[in-house]
Amino acid sequence: DVKVTQSSRYLVKRTGEKVFLECVQDMDHENMFWYRQDPGLGLRLIYFSYDVKMKEKGDIPEGYSVSREKKERFSLILESASTNQTSMYLCASSLQGAGYGYTFGSGTRLTVV
Amino acid sequence: AQSVTQLDSQVPVFEEAPVELRCNYSSSVSVYLFWYVQYPNQGLQLLLKYLSGSTLVESINGFEAEFNKSQTSFHLRKPSVHISDTAEYFCAVSLPYDGQNFVFGPGTRLSVLP
């Protein structure tokens with residue numbers, strides 16, 4: 001079964017720490033995405049990547065960066081974690097053609113204290 | 001640009017009752033339409049999609065959605081819900097040639113009550 005795997009389901013970090021969220025897909029998808037999900041705000045796109053080493057800002061990139069060194073792996077980096085980055089983080093991937101839809105990982109619930 | 005509206009943020013319904021979750025979209029061109037489901041503390045899963053052809057599409061767990069071009073709607077329905085259908089449901093739209101710019105609705109939380 002094809003999958004998008006996020007390395008951690010739950011994560012607790014301290015304010016000011018550098019945080020890495022990892023996402024791996026085994027479907028040879030070109031596109032990968034990072035969203036955050038907060039109650040009442042729905043899904044908000046942080047960054048996406050359409051190829052290795054390529055990235056595009058989404059709607060809320062401030063405070064985040066990303067890395068895509070290999071096609072299957074897309075990392076989200078919180079340079080200096082803050083309490084307002086406490087959220088559910090969802091990784092997704094897709095083929096170039098839109099008809100296939102997005103495949104999502106199980107999510108990482110990050111708490112910054 | 002496309003947009004998606006889900007007017008109902010929460011829908012409570014009793015078990016075995018029918019349910020309709022509403023989705024309306026805005027686009028000046030043809031679109032693909034999707035419904036995703038998110039169970040508690042999980043990621044989103046694709047429930048069903050409309051690309052072309054028959055306007056009525058079905059999922060394996062009894063949900064169906066009907067594409068209505070004139071009303072720009074893609075409402076999700078189930079004739080008899082189960083407790084296990086309790087989840088958040090997201091409608092999404094994309095352009096047919098574009099796999100990078102899905103637009104998601106704000107979601108509808110379906111709560112099935114015993």
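Residues numbered from 1 in each chain as written. Chains lettered and ligands numbered in written order. Predicted model: local features only at pLDDT ≥ 70, side-chain atom pairs only at ≥ 80, totals over all residues. Heavy atoms only, no water.

Undergrad: Sorry if this is basic, but what is going on with the sheet that holds strand β3 (residues 19-25) of chain A here?
TA: The pairing of strands in a sheet comes from backbone hydrogen bonds and takes either a parallel or an antiparallel form. Residues and elements named next belong to chain A. Strand order across the open sheet formed by four strands is β1-β3-β8-β7, with antiparallel pairing between neighbours. What marks the edges here is a single partner per strand, and that holds for β1 (4-6) and β7 (64-70). Pairwise comparison of adjacent strand axes, ignoring direction, gives a mean angle of 20° for this sheet. When β3 meets strand β8 (residues 73-78), the two strands line up antiparallel, connected through six bridges. (Pairing = 2+ DSSP bridges. Helix = DSSP H or I, 4+ residues; strand = E, 2+ residues; numbered from the N terminus. Axes fitted to C-alpha atoms, helices over the stretch in contact; angles between N-to-C directions.)

Undergrad: Even after reading the chapter, I still don't get the environment of N24(B), so can you show me in this structure?
TA: All names here are of chain B. Looking at the element boundaries, N24 is found in strand β4 (residues 24-26). Residue class for N24 comes out partly exposed when judged on its relative accessible area of 25%. Expressed as a C-alpha distance, the spacing of N24 and Q6, which sit 18 residues apart in the sequence, is 6.6 Å. If we skip the residues at most four places from it in the chain, N24 touches S3, V4, T5, Q71, T72, S73 and H75. At 3.3 Å, the side chain of N24 and the backbone oxygen of Q71 are in polar contact. At 3.4 Å, the side chain of N24 and the backbone oxygen of T72 are in polar contact. (Buried < 20%, exposed > 50% of the residue type's maximum accessible area, 1.4 Å probe, protein only. Contact = heavy atoms within 4.5 Å. Polar contact = N/O pair within 3.5 Å; in protein donor to acceptor, adjacent residues only side chain to side chain.)

Undergrad: Would you mind showing me how to read the interface of chain A and chain B here?
TA: Interface size is commonly expressed as the accessible area that is lost once the parts come together. With 25 residues of chain A in contact, the opposing surface of chain B contributes 24 residues. For the pair chain A and chain B, the summed buried surface comes to about 1600 Å²; carbon and sulfur atoms form 52% of the total. Our count for the chain A to chain B interface comes out at five residue pairs in polar contact (both at pLDDT 80 or more). Looking at the side of chain A that touches chain B, the elements that each hand over two or more residues are β4 (31-38), β5 (42-51) and β9 (87-94) of chain A. Among the residues making up the side of chain A that touches chain B, the classes are represented as 13 nonpolar, 10 polar and two charged. (Buried area = accessible area lost by both parts, 1.4 Å probe. Nonpolar A, V, L, I, M, F, W, Y, C, P; charged D, E, K, R; others polar.)

Undergrad: How do you make sense of the pattern of salt bridges when you look at a structure like this?
TA: If charged atoms from side chains of opposite charge come close, those side chains can pair. Residues and elements named next belong to chain A. Scanning the entire structure with this criterion turns up 12 salt bridges over all chains. For E79, the salt bridge is made with K18, and the minimal N-O distance between the two is 3.6 Å. A residue pair is termed long-range when its members are at least 10 positions apart, and E79 in the loop between β8 and β9 and K18 in the loop between β2 (10-13) and β3 qualify at 61 residues. One salt bridge connects D38 with R44, and the closest N-O pair in it is separated by 2.8 Å. Using a relative accessible area of 11% as the deciding quantity, one classes D38 as buried. (Salt bridge = Lys/Arg side-chain N within 4 Å of Asp/Glu carboxyl O.)

Undergrad: What is the right way to read the nonpolar core from this model?
TA: For soluble globular proteins, the rule of thumb is that nonpolar side chains tend to be buried together. L33(B), W35(B), L47(B), L48(B), F74(B), L76(B) and Y89(B) are the most contacted members of the largest nonpolar core, which has 28 residues in total. For this core, the elements supplying multiple residues, two or more each, are β2 (10-14), β3 (19-21), β5 (32-38), β6 (44-50), β8 (64-68), β9 (73-78), β10 (87-94) and β12 (108-113) of chain B. For this core, the element with the most residues is β10(B), which contributes four residues. Among all residues touching F74(B), those that are not within four sequence positions of it are C23(B), L33(B), F34(B), W35(B), L48(B), K49(B), Y50(B), V57(B), A65(B), E66(B) and F67(B). Listed in part, the 21 residues of the second largest apolar core include C23(A), Y47(A), A81(A) and L110(A). (Core = buried A, V, L, I, M, F, W, Y, C linked by side-chain atoms within 4.5 Å.)

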